[in-house]
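So you can see what is in the structure, the chains are spelled out below.
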Amino acid sequence: MKGKIPPRKFKSQQIKQANAINLADYYPHRFPVFGITIDDATTVDRDDGIWLVELNNGNFELQISITDVSTIIPKDSSVDEEALSRVVTLYHTTVPPMLPCHISTNLGSLEEEKRRLALTIFFHIDNSGNVISFRIKETIFTNKKAFSYQEVEKILQNPQNITEHKLLLKMQQVAQLIGRKRGGNSGILTANGYVDEDGNLIQENVNTHQLIAELMILTNTTIANFLAENNILALYRTQDVGTTDFELVKKTMGHCLVPAIYNSQVKPHVGLCLIAYIHFTSPLRRFVDLVNHRIVKAIIKQESSPYTASELDNICLKINNFYQEFKEDKSNFLKKQRQEVIENNFNKIESLDMEKISVDEFSDLIQYAVYNNEIQKIFPYIKSRFNTLQPKDFYYIWFRCKINEFLDDENIDSVSVLLIKSQSDDSLIEYKSEYCEVRKIYFVYCYIDGKTTLNPAEDTKKSKAKQKAALATIKGYLHQELTINPLPIPQINLSNLVSNSSPENALNSDFNNLSDKDFSKILDYCIKTHFDEIIFQKIEARINNLLPKDLYKIWFQGKVNKFLNYPNLNGVSVLLIHSQLTGCIVEYKIDYHSITKKYIAYCYVDNLTHQQPQFDTKKIKAKQKSSLAYIESYLRDELTNQPDLFVYDDEINILEETTSAENLINTINSIETVNIKEKDESDWVSKLYHFCQSNQLNYPEYNFDNIDGFFTCKISLIYQQKTIISKGYGKNKKDAKQSASHILFIQHQLD
């Protein structure tokens, strides 16, 4: 490939520096190890060796040895500066390697039956794939055998009962255990092949690629976590999309992620589902790995980092720019090359056998016909092959040819069509959405360069509303009907809410026959508008059947100061929902009075409570009474931080009014606290993922339900050989997930 990276030779000074290296000078005080290497058959620079020892207790010692070229290449030396300018070894090009050949293919390469300097990471792994511990040593590595991917693939597919084959099979089993624990959309084996950490699909020797890749990802991750936990600046590999909700990313983004870049600060790598990641295992061919080796070795030797923060930032900037330019140059080259192929294949449309053309070839044909003004010649075939057309085909049909066809089919992926348009001609595509909590409908406008349809698209699912909006906007674009002044979102009315009901009889319908869902819609509507006496009567008629979420709506969202004289209402659950949705701190201070044989209870929310205590012979009822007393005081704006600590209740006159505040406070022996959201807005989802990663646990499972205006999140985690479960609430899925994660920590006392 011709590119912007010009071939150049190493200077004589750099050749002399490489030739002057004597490995034996560095052998003293190094620990000897051995292992094997697995590389492509054409590889001449071997960075990494592996070995596995099965221990007597069923656990394993996994040894990953990485060539230690940082020892023989001093920082800021001529060879080091040249390596930074080259950034990486580009295979299958005319560009020479990153390091002089005497280092890259000889002294630094882990050649068979040769002694080489290495950094070895010793992992202690249990038989479930959990890393129990690790340590790093400077070693002398001897390669017992240099395998190729092809050789190992044949062994894994047809193993024999010999030691060498058993070793490779056991390595594969350990690698697969590690991979399953990590998860992610990259670094995985799929039905189509192996997807590497950059999202590239590998379709040959897939089992062997997975084996090596998992062991290298483990090494890179372990080093990254070690550096991150100790707040050490390094060259981290990051793929940050603004969230650590890896499950959401897997579901919504697939392999189409933002590009991974280097950063001196630790950030997530969402493709690999990792909180921290680093490149460490290829110092012969990546300058980043060489830098990270120096940083880790400084820690081993208890020395300060060889790099300042500004140095690392400058290296990141240079290397990120290099990869961006290389990617653009490669893309332009491939586009030009592909265009030439298309021109050669389709320059005689009349002679083509359309029945034998594949889906991808037909897309190329459409592109060719558009650029050569021959689209009408193939349009009958476009219609006949409509169900196999791809988003890029519709882009050419609609936006390049301005053909007003196929605009009524909502199954077309219109969002992807507009994405292609934005990438092709720099159009600005925007989506503005609004969710109507009462109607449970999403309204979406789609804008092309500031213009949209007169009315929004709507659907109960946001993705479908977005697709409808995109298709409507494309139609408006072709008909020249787009506007900069769309109509506002339609207003709701009660007839939208109750099934089979008109505005005239909606309020007069038999509320006892309404489902809980429809009744909740009525409450939502009243909160948006107003409550009247008819509604109050309907509420009271079914008050004992209302769910806590409906009571929460009435009292905290509608601010209705009614229905508090029903002692069986579950005020405790209402306040739990209140705490989970708003992050307030709810406390119950309860004392047992031995003389009256009654419990004395106060309910505090953010240190405010009701004026008078509540009493009952049963603790749970005293607690319920105090919760309702709090809600009533909240609605009357009568909360206080200095409650009465003597009794006005005539039936309990044994307590003396002389009881001091200090004495009563000192007798309180039970404090039940719900602290759903601390004031520092901690990211409990990230903490939980870090907890799972640190303890080698599978990531938790989340299940969401939309409960008429807010979400519930049920979280389950396998911990200490049992499944632990907690539940949280929130205004959206993100808040509900944070709430559930925090409650899991509290409820199950996770460290």
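First things first, this report covers the structure right here in the doc.

Analysis parameters
Residues numbered from 1 in each chain as written. Predicted model: local features only at pLDDT ≥ 70, side-chain atom pairs only at ≥ 80, totals over all residues. Heavy atoms only, no water. Phe/Tyr/Trp six-rings, centres within 6.5 Å; stacked < 30°, edge-to-face > 60°. Helix = DSSP H or I, 4+ residues; strand = E, 2+ residues; numbered from the N terminus. Buried < 20%, exposed > 50% of the residue type's maximum accessible area, 1.4 Å probe, protein only. Expected span 1.5 Å × (residues − 1). Core = buried A, V, L, I, M, F, W, Y, C linked by side-chain atoms within 4.5 Å. Contact = heavy atoms within 4.5 Å. Axes fitted to C-alpha atoms, helices over the stretch in contact; angles between N-to-C directions. Parallel < 35°, antiparallel > 145°, perpendicular 65-115°, else oblique. Nonpolar A, V, L, I, M, F, W, Y, C, P; charged D, E, K, R; others polar. Pairing = 2+ DSSP bridges.

**A few points about the packing of aromatic side chains**
Thinking step 1. Under the criterion given, the structure shown has 27 aromatic pairs.
Thinking step 2. Ring centres of F399 and Y477 lie 5.1 Å apart, and the angle between their planes is 55 degrees; on these two criteria the pair is classed as tilted. With F399 in helix α12 (residues 391–400) and Y477 in helix α14 (residues 462–478), the pair connects residues that are 78 residues apart, well separated along the chain.
Thinking step 3. The exposure class of Y477 is partly exposed, given its relative accessible area of 28%.
Thinking step 4. Between F691 and F745, the aromatic rings sit 6.0 Å apart at their centres with planes inclined by 70 degrees, giving edge-to-face as the arrangement.

**Brief notes about helix α22 (residues 733–747)**
Think of an α-helix as turning once every 3.6 residues; residues three or four places apart then point the same way.
Thinking step 1. If you check α22, its first and last C-alpha atoms are 20 Å apart, about what 15 residues at 1.5 Å a residue would give, namely 21 Å.
Thinking step 2. Taken as a whole, α22 has its buried residues at A736, K737, Q738, S739, A740, S741, H742, I743, L744 and F745.
Thinking step 3. A positive backbone phi angle near 50 degrees is found at Q749, which sits one or two residues after α22.

**Re the nonpolar core**
Thinking step 1. By size, the foremost hydrophobic cluster in this structure holds 73 residues, and its most contacted members are I50, I103, L168 and L215.
Thinking step 2. For this core, the element with the most residues is helix α6 (residues 206–229), which contributes 9 residues.
Thinking step 3. Those residues in contact with I50 that sit more than four places away from it in its chain are G35, I36, I38, Q63, I64, M171, L211, I212, L215 and M216.

**Thoughts on the packing of helix α13 (residues 414–425) against α14**
Thinking step 1. It is at 8 Å that the axes of α13 and α14 come closest, and there the two elements cross at 55 degrees. As the angle between them shows, α13 and α14 are arranged oblique. Together, S414, V415, V417, L418 and K421 of α13 and K466, Q467, A470, L471, I474 and Y477 of α14 make up the contact between the two elements.
Thinking step 2. A per-class count over the contact of α13 with α14 returns 7 nonpolar, 2 polar and 2 charged.

**Section: the pairing of strand β15 (residues 598–605)**
Thinking step 1. For β15, the buried fraction is high: 7 of the 8 residues fall into the buried class.
Thinking step 2. Here strand β14 (residues 585–593) runs beside β15; their pairing, made up of 8 bridges, is antiparallel. The residue of β15 that forms the bridge with E587 is Y604.
Thinking step 3. Hairpin connection of β14 to β15: 4 residues between the antiparallel strands, including K597 at a positive phi of 60 degrees.

**Concerning the pairing of strand β4 (residues 115–125)**
Thinking step 1. Counting buried positions over the 11 residues of β4 gives 9, a clear majority of the element.
Thinking step 2. Inspection of the sheet shows strand β3 (residues 60–67) paired to β4 by 8 bridges, in the antiparallel sense. For F60, the partnering residue across the bridge sits in β4 and is I125.
Thinking step 3. In this sheet, strand β5 (residues 131–148) lies alongside β4 in antiparallel orientation, the contact comprising 11 bridges. From the neighbouring strand, F122 faces β5, where its bridge partner is R135.
Thinking step 4. If you look at the hairpin formed by β4 and β5, you'll find 5 residues sitting between the two strands, and G129 has a positive phi there, around 90 degrees.

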